[in-house]
Amino acid sequence: MNEMIFTKREAPDWLLAFWKEIDDKTFGSGFDCFAEDATANLGVAEWKGCETIRESLRAFIDTGFTALHDVTEYWDGGLLKVFRGFVTMTPDDPNRPVVKPVMTHFFYMDEADHTKVRHWFGSVGPVQF
């Protein structure tokens, strides 16, 4: 059995920069937090490689809404980081409702370079526009 101690902290700059790239629809350097060969499992999607993660998220956001990520909690367990929050999703179509699903994300850091995310598991609550 493995044991890990978590410390509640302020969200780190790399995480805030990552969400900001999505919120601003710029998809730039905030994605540098990922290892080149990182894997992301977001809902039912599995994306391999930093550039695939970036482009897949861009394609998802381009389906007709703007996102705004809000960090509620961030827990640091060394090689495992846990984030909880909400994302406000505002549809481009003003006739569709704004939704605010809960998010929980696990970021497993690279063992050789602790500044890079090796594997991202993300879950966003049900979204119905």
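Worth saying up front: this structure is predicted, and the values here are computed from it rather than measured.

### Focus on the sheet that holds strand β3 (residues 45-48)
Read from one edge of the open sheet, 7 strands run β1-β4-β5-β6-β7-β2-β3, paired in mixed fashion. Across the chains shown, the open sheet's two edge strands, defined by having one partner strand only, are β1 (7-8) and β3. With 7 bridges joining them, strand β6 (residues 102-109) and strand β7 (residues 117-124) adopt antiparallel strand pairing. Following the sheet pairing, T104 is matched in β7 by S123.

### Here's the deal with the layout of surface pockets
Remark: the empty space left among the atoms is shown by a probe the size of a water molecule rolled over them. Of the voids in this model, the largest pocket is the one considered here, and its volume is about 450 Å³. Those elements giving two or more residues to the lining of the largest pocket turn out to be α1 (13-23), β3, α2 (50-61), β4 (65-76), β5 (80-91), β6 and β7. Ranked by the residues each element gives to the lining of the largest pocket, the list is headed by β7, at 4 residues. In terms of residue class, the lining of the largest pocket is made up of 18 nonpolar, 8 polar and 1 charged.

### Focus: unusual backbone geometry
The phi dihedral of K25 is positive, around 60 degrees, even though this residue is not glycine. With respect to the element layout, K25 can be found in the loop between α1 and β2 (34-42). Of the residues examined, K25 reaches a relative accessible area of 33% and is grouped as partly exposed. One non-glycine residue, F27, adopts positive backbone phi at about 55 degrees.

Here is what the cut-offs are and how they apply
- Residues numbered from 1 in each chain as written.
- Predicted model: local features only at pLDDT ≥ 70, side-chain atom pairs only at ≥ 80, totals over all residues.
- Heavy atoms only, no water.
- Pairing = 2+ DSSP bridges.
- Helix = DSSP H or I, 4+ residues; strand = E, 2+ residues; numbered from the N terminus.
- 1 Å grid on protein atoms, 1.4 Å probe; cavity = no way out; pocket = protein on both sides within 12 Å on 5 of 7 lines; lining within 4 Å.
- Points joined across faces, edges and corners; volume = space filled by probe spheres on them.
- Nonpolar A, V, L, I, M, F, W, Y, C, P; charged D, E, K, R; others polar.
- Buried < 20%, exposed > 50% of the residue type's maximum accessible area, 1.4 Å probe, protein only.

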